[in-house]
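Chain and residue survey
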Amino acid sequence: MGLNFVAIDFETANPKRASVCQIGLAKVRDGQITKTACEMVTPPRGFTNFHPRNIQVHGLTPRSIYGAPDWPGILGRLVAFTGDLPLIGHNVAFERSVIVQATEAEGLTVPDFQYLCSQKLAQTHLPEAGSFKLNLLAEHLGMPVFAHHDAGADAVACAALVLKIAEHTGLDDLDDLWPAKTARAARTNTHWRRNS
């Protein structure tokens, strides 16, 4: 596979995973970040209320998403942007659940993405790090400071983290970076929705 993937991050309006309000993406080809995207999202109907705790974390409010595209429009663009590349998120179970729950809330078919987790990658290759939060891992590795909890900045930082770990380990293939069991489980998890 080489180092070809799309790093992804979401922010949500409230604790419900379907309440997606921002998406960030960073595409990596041959070990280089080649394209980034960040956009506000109008959450599905019934999930548009902003919880004070979420606002405190990311600073987004109803005003932030005024006129933003809805999830069906964003989902189509996400599929086109990603193509056949795997999606990598930091604690990717969150990103996967946002995609599944927001898509189901709109009555759409959940796309068959492959998911890999950069947090698990760091736990495997950087056990000495102590904390595996994205911003603290970036600090541990001497990466640039970034706007944590901005989906666009987090996606770029996630991509950069994977590339930094690849450099640190001398591994230049996703199948080598992630233990086979982890990668296989991530692939299997993408099929349960379609086959259920």
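Scroll up to find the structure.
Heads up: these notes are all about the structure in this document. (Residues numbered from 1 in each chain as written. Predicted model: local features only at pLDDT ≥ 70, side-chain atom pairs only at ≥ 80, totals over all residues. Heavy atoms only, no water.)

A separate point is the overall build of the chain. Looking only at helices and strands, the chain features nine helices and five strands. Traced from its N-terminal end to its C-terminal end, the chain shows the element sequence β-β-β-α-α-β-α-β-α-α-α-α-α-α. A compact globule built from 196 residues would reach a C-alpha radius of gyration of about 16 Å, and the chain, at 16 Å, matches this within 12%. Judged by the C-alpha coordinates and their principal axes, the chain covers about 45 × 40 × 30 Å. Among the 196 residues that make up the chain, the fraction classed as buried is 48%. Put simply, the chain shows about 9,500 Å² of open surface, and 51% of that area lies on carbon and sulfur atoms. (Helix = DSSP H or I, 4+ residues; strand = E, 2+ residues; numbered from the N terminus. Rg over C-alpha atoms; globule rule 2.2 N^0.38 Å. Buried < 20%, exposed > 50% of the residue type's maximum accessible area, 1.4 Å probe, protein only. Areas by Shrake-Rupley, 256 points an atom, 1.4 Å probe, with all protein chains shown as cover.)

Another point: the layout of surface pockets. Looking at the largest pocket, its volume works out to about 510 Å³. Forming the walls of the largest pocket are 21 residues, and the residues nearest its centre are Asp9, His90, Phe94, His148 and His149. Elements supplying a minimum of two residues to the lining of the largest pocket: strand 1 (5–12), helix 1 (52–58), helix 3 (92–105) and helix 5 (134–140). Of the residues that constitute the lining of the largest pocket, the class distribution is five nonpolar, 10 polar and six charged. (1 Å grid on protein atoms, 1.4 Å probe; cavity = no way out; pocket = protein on both sides within 12 Å on 5 of 7 lines; lining within 4 Å. Points joined across faces, edges and corners; volume = space filled by probe spheres on them. Nonpolar A, V, L, I, M, F, W, Y, C, P; charged D, E, K, R; others polar.)

What follows is about the side chain of Thr12. Of note, Thr12 is situated in strand 1. Reaching out from Thr12, the side chain makes a polar contact with the backbone oxygen of Asn14 at a distance of 3.1 Å. (Polar contact = N/O pair within 3.5 Å; in protein donor to acceptor, adjacent residues only side chain to side chain.)

This next bit is on the pattern of salt bridges. According to the stated counting rule, one finds one salt bridge in the structure shown. Between Arg77 and Glu39 there is a salt bridge, with the nearest N and O atoms lying 2.3 Å from each other. Of this pair, Arg77 sits in helix 2 (residues 71–82) while Glu39 sits in strand 3 (residues 32–40); the two residues are 38 residues apart in sequence, bridging distant segments of the chain. (Salt bridge = Lys/Arg side-chain N within 4 Å of Asp/Glu carboxyl O.)

This paragraph deals with the packing of helix 4 (residues 118–125) against helix 6 (residues 151–169). Across the interface, helix 4 lies against helix 6 with an axial gap of 10 Å and an inter-helix angle of 25°. Classed by the angle they form, the pair helix 4 and helix 6 counts as roughly parallel. Along this stretch, helix 4 crosses helix 6, giving a crossing that reads as left-handed. Here helix 4 contributes Ser118, Leu121, Ala122 and His125 to the contact with helix 6, which in turn contributes Cys158, Leu161, Val162, Ile165, His168 and Thr169. Grouping the constituent residues of the contact of helix 4 with helix 6 by class yields six nonpolar, four polar and no charged. (Axes fitted to C-alpha atoms, helices over the stretch in contact; angles between N-to-C directions. Parallel < 35°, antiparallel > 145°, perpendicular 65-115°, else oblique. Left-handed = near helix turned anticlockwise from the far one by under 90°. Contact = heavy atoms within 4.5 Å.)

This part takes up the pairing of strand 2 (residues 20–29). Of all 10 residues in strand 2, nine are buried; the element is thus mostly enclosed. One ladder, built from eight bridges, connects strand 1 with strand 2; its direction is antiparallel. Counted as the bridge partner of Phe10 is Ile23 from strand 2. Where strand 2 lies against strand 3, eight bridges are found, and the strand directions are antiparallel. The residue of strand 3 that forms the bridge with Arg29 is Gln32. The turn joining strand 2 and strand 3, which pair antiparallel and follow one another in sequence, is formed by two residues; a positive phi near 50° is taken by Asp30. (Pairing = 2+ DSSP bridges.)

Honestly, that's just the spatial picture; any functional story needs more than this.
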